[in-house]
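# Structural characterization, general
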Amino acid sequence: MRVLVVEDARALADVVVEGLRDEGMAVDVAYDGLQAAMRLDLNIYDVVVLDRDLPGVHGDTICRMITERENPAMVLMLTASGTPAQRVSGLSLGADDYLSKPFHFPELVLRIRALARRRPTAQARIFRAAGIELAPLQHTATRDGRRLDLSAKEFAVLEALMRAQHAVLSAEDLFAQAWDENADPFTKTVHVTLSRLRRKLGDPPAIETITNVGYRITEST
């Protein structure tokens, strides 16, 4: 899941970003409306956590920009005011959910995951291939009934491959889906993660390398 956090209070934004990354999400951050607009032009997000009162470009304008797109992200709007009038106003702009500050972080995580489930392009709840069963919402994966103890990035890479349904994904594709802008694209992090994931999946091999193209889940094992 890729999330954009748009919040001008840097201390709060950084705490939220680190917390969501610890939950296994790929998270980018924007500290004002201009940065948010830029990132939205560059990347596709599942959920945008959007502060309403932003410098540069107001959060209301950013919300309208998101909802007018062909494949819009789900919007969780944040505001210091939680009055019914403010909630109605925010939802009327196209926001999908509304959370007033201060909030409890576990509630924020639950709301983000709920919005990702509701996104129109969200796919099947459970993916199965090569003896692997992966449930993104429960964050669990098994192979031939054996529970897999995966790191957040290993799980994200496996999820990307399972969602591709045997299509080939390049290292760049996997990086874009499982990592955020905080990661260094010039490292061998994708290859290292794949190597660890393969060891944990065990035999027979479940991830096939297509030379000079990329990777895919094997169709038969």
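Scroll up to find the structure.
A brief structural summary. Note that this is a predicted model, so its numbers are computed, not measured. (Residues numbered from 1 in each chain as written. Predicted model: local features only at pLDDT ≥ 70, side-chain atom pairs only at ≥ 80, totals over all residues. Heavy atoms only, no water.)

## With respect to the overall build of the protein
Check the secondary structure of the protein and you find eight helices and 11 strands. At 19 Å, the protein has a C-alpha radius of gyration in line with the 17 Å of a compact globule built from 221 residues. For the protein, the spread of C-alpha atoms along the three principal axes comes to 60 × 35 × 30 Å. Looking at the protein as a whole, 45% of its 221 residues qualify as buried. A separation of at least 24 residues holds for 57% of the contacts in the protein among residues at least 6 apart in sequence. When the accessible surface of the protein is summed, it comes to about 11,100 Å², and 52% of that surface belongs to carbon and sulfur atoms. Within the protein, one finds 27 positive and 31 negative side-chain charges whose respective centroids are separated by 4 Å. (Helix = DSSP H or I, 4+ residues; strand = E, 2+ residues; numbered from the N terminus. Rg over C-alpha atoms; globule rule 2.2 N^0.38 Å. Buried < 20%, exposed > 50% of the residue type's maximum accessible area, 1.4 Å probe, protein only. Contact = heavy atoms within 4.5 Å. Areas by Shrake-Rupley, 256 points an atom, 1.4 Å probe, with all protein chains shown as cover. Lys, Arg positive; Asp, Glu negative; His and termini not counted. Charge placed at Lys NZ, Arg CZ, Asp CG, Glu CD.)

## Focus: the nonpolar core
In terms of nonpolar packing, the biggest core is built from 29 residues, with Leu158, Leu161, Leu174 and Ile217 touching the most fellow members. Those elements that place two or more of their residues in this core are strand 6 (127-129), strand 7 (132-135), helix 6 (152-163), helix 7 (171-178), helix 8 (189-201) and strand 11 (214-217). Of all the elements, helix 6 adds the most residues to this core, at seven residues. Leaving out residues up to four positions away in the same chain, leucine 161 has contacts with His166, Leu169, Leu174, Leu194, Ile207, Tyr215, Arg216 and Ile217. Core analysis: the next-biggest nonpolar cluster, separate from the first, contains 22 residues, Val5, Val29, Tyr31 and Met74 among them. (Core = buried A, V, L, I, M, F, W, Y, C linked by side-chain atoms within 4.5 Å.)

## Section: the sheet that holds strand 6
A sheet is described by the order of its strands in space; here four strands give the open sequence 6-7-8-9, paired in antiparallel fashion. Edge strands, defined here as strands with exactly one partner in the open sheet, are strand 6 and strand 9 (146-147). Relative to strand 9, strand 8 (residues 140-143) runs antiparallel, the two being bridged by two bridges. Note on strand 9: the bridge partner recorded for threonine 142 is arginine 147. Lying on the sheet, helix 6 is in contact with strand 6, strand 7 and strand 8; it crosses strand 7 at an angle near 110°. (Pairing = 2+ DSSP bridges. Axes fitted to C-alpha atoms, helices over the stretch in contact; angles between N-to-C directions.)

## Digging into the pattern of salt bridges
Overall, the coordinates contain 14 salt bridges when judged by the stated rule. The salt bridge involving arginine 21 is made with glutamate 18; its shortest N-O contact spans 3.2 Å. Of this pair, arginine 21 and glutamate 18 both sit in helix 1 (residues 10-22), separated by three residues, roughly a single helical turn. When its relative accessible area of 42% is taken as the criterion, glutamate 18 is described as partly exposed. Salt-bridge contacts for arginine 111 lead to aspartate 97; the nearest nitrogen and oxygen are separated by 2.8 Å. One end of the pair, arginine 111, is in helix 5 (residues 105-118); the other, aspartate 97, is in strand 5 (residues 97-100), with 14 residues separating them in the sequence. (Salt bridge = Lys/Arg side-chain N within 4 Å of Asp/Glu carboxyl O.)

## Notes on unusual backbone geometry
Cis geometry marks the peptide bond from lysine 101 to proline 102, where omega comes out at -5°. Structurally, proline 102 is set in the loop between strand 5 and helix 5. Cis geometry is found at the peptide bond from aspartate 203 to proline 204, where omega equals -5°. The phi dihedral of histidine 166 is positive, around 75°, even though this residue is not glycine. In this fold, histidine 166 is placed in the loop between helix 6 and helix 7.

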